[in-house]
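Survey of secondary and tertiary structure
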Amino acid sequence: LFLAAQKGGIAANMTMDLAGIFNGVIDFILDTREGDTFNVVYEEEYLNGTFIGNGKILAASFTNQGVEYTAVRYKNAKGDTNFYNPEGESMRKAFLLNPVDFTRISSNFSLSRKHPILNTIRAHKGTDYAAPKGTPVVATADGRITFASRKGSFGKLVVLQHGNRFETKYAHLNDYATGIKSGARVKQGQVIGYVGATGSATGPHLHFEFLMDGVHRNSRTIHDSLPKAESIPSPEMAIFSQQTRVL
């Protein structure tokens, strides 16, 4: 994605914004293929006739493996701005696909994995994302921090509670982001820590666990069945259509 965007003259920070719009429906690490296409409508900012930089993305489309996704920017009556498809459905899931920009998945969720250190068969109730030390780790959803400290083999660990049903865990961190402490609230996509190898780890990676109703689930296979973020309420659809039609 970065190389294609660069060829098209799109700045790196805008490419990140583009990926952020679609990361609820596309896994940019594993899903992208040669032949995928994208279009972006964005603002350019000028001062006294001189170009000074790019502004906001207003609309975008991404065709991934033959499936086209379209997103438009919309500001609601409360002043909140988000991206929606033309039918008013939110582009983002309640949970992001990935909590980190990883190099590879070094170990999948498995109930019968051979432990790399203990050399015994033990359930691996999460996904390991191999990534360089210091890579930012983000919250996959809005939530409250219930734990942010060292914990045995997990090393430096952050645990987030998302409403009553969901909990996520981020382990082996090298360090915590500023303000990350028990009781604090975080937003989806907020950096909560950095990849490390603390605790029982053979190399730098993020061990990520996802629990629903207290039961460990495979975050990568359950994602499509999770709820989306709020979509446009029916009474507001006429205003939404009027605002976004030109886009």
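Right, let's walk through the structure included here. (Residues numbered from 1 in each chain as written. Predicted model: local features only at pLDDT ≥ 70, side-chain atom pairs only at ≥ 80, totals over all residues. Heavy atoms only, no water.)

1. Some remarks on the packing of aromatic side chains
For the record, the criterion: Side-chain rings of Phe, Tyr and Trp (the six-membered ring for Trp) are treated as a pair once their centres are within 6.5 Å; stacked means planes under 30 degrees apart, edge-to-face means over 60, and tilted covers the remaining angles. Per the convention used, a helix needs a DSSP run of H or I reaching at least four residues, while a strand needs a run of E reaching at least two, with both numbered from the N terminus. Relative accessibility decides the category of a residue: with a 1.4 Å probe and only protein chains considered, values under 20% of the type maximum give buried, values over 50% give exposed, and everything between is partly exposed.
This model, assessed by the stated rule, comprises eleven aromatic pairs. Relative to Phe 240, the ring of Tyr 84 lies with its centre 6.0 Å away and its plane at 75 degrees, an arrangement referred to as edge-to-face. Taken together, the residues span a long stretch of sequence, with Tyr 84 in strand β4 (residues 81-84) and Phe 240 in helix α4 (residues 237-244) at a distance of 156 residues. Residue Tyr 84 is classed as buried on the basis of its relative accessible area, which comes to 7%. A residue is classified by how much of its surface remains accessible, and Phe 240, at 0% relative accessible area, is buried.

2. Section: the environment of Gly 189
Heads up, the rule is: Contacts are residue-level and defined by heavy atoms, with any inter-residue pair within 4.5 Å sufficient.
Inspection of the secondary structure assignment puts Gly 189 in the loop between β13 (185-186) and β14 (191-195). Take Gly 189: its relative accessible area is 35%, and that puts it in the partly exposed class. Placed 14 residues apart in sequence, Gly 189 and Asp 175 show a C-alpha to C-alpha distance of 17 Å. In this view, Gly 189 contacts Leu 96, Val 138 and Ala 139; residues no more than four positions away in its chain are not counted.

3. What to know about the pattern of salt bridges
Side chains that differ in sign of charge can pair as their charged atoms come close. Test applied: Take a side-chain nitrogen of Lys or Arg and a carboxyl oxygen of Asp or Glu: if they are within 4 Å of each other, that pair is a salt bridge.
Counted according to the given criterion, the structure contains four salt bridges. Notably, a salt bridge pairs Asp 142 with Lys 187, separated by 3.4 Å at the nearest N-O pair. Of this pair, Asp 142 sits in the loop between β9 (136-138) and β10 (143-150) while Lys 187 sits in the loop between β13 and β14, and the two are 45 residues apart along the sequence. Of the charged contacts in the structure, one is a salt bridge between Lys 156 and Asp 175, with a shortest N-O distance of 4.0 Å. Of this pair, Lys 156 sits in strand β11 (residues 156-162) while Asp 175 sits in strand β12 (residues 166-176), and the two are 19 residues apart along the sequence.

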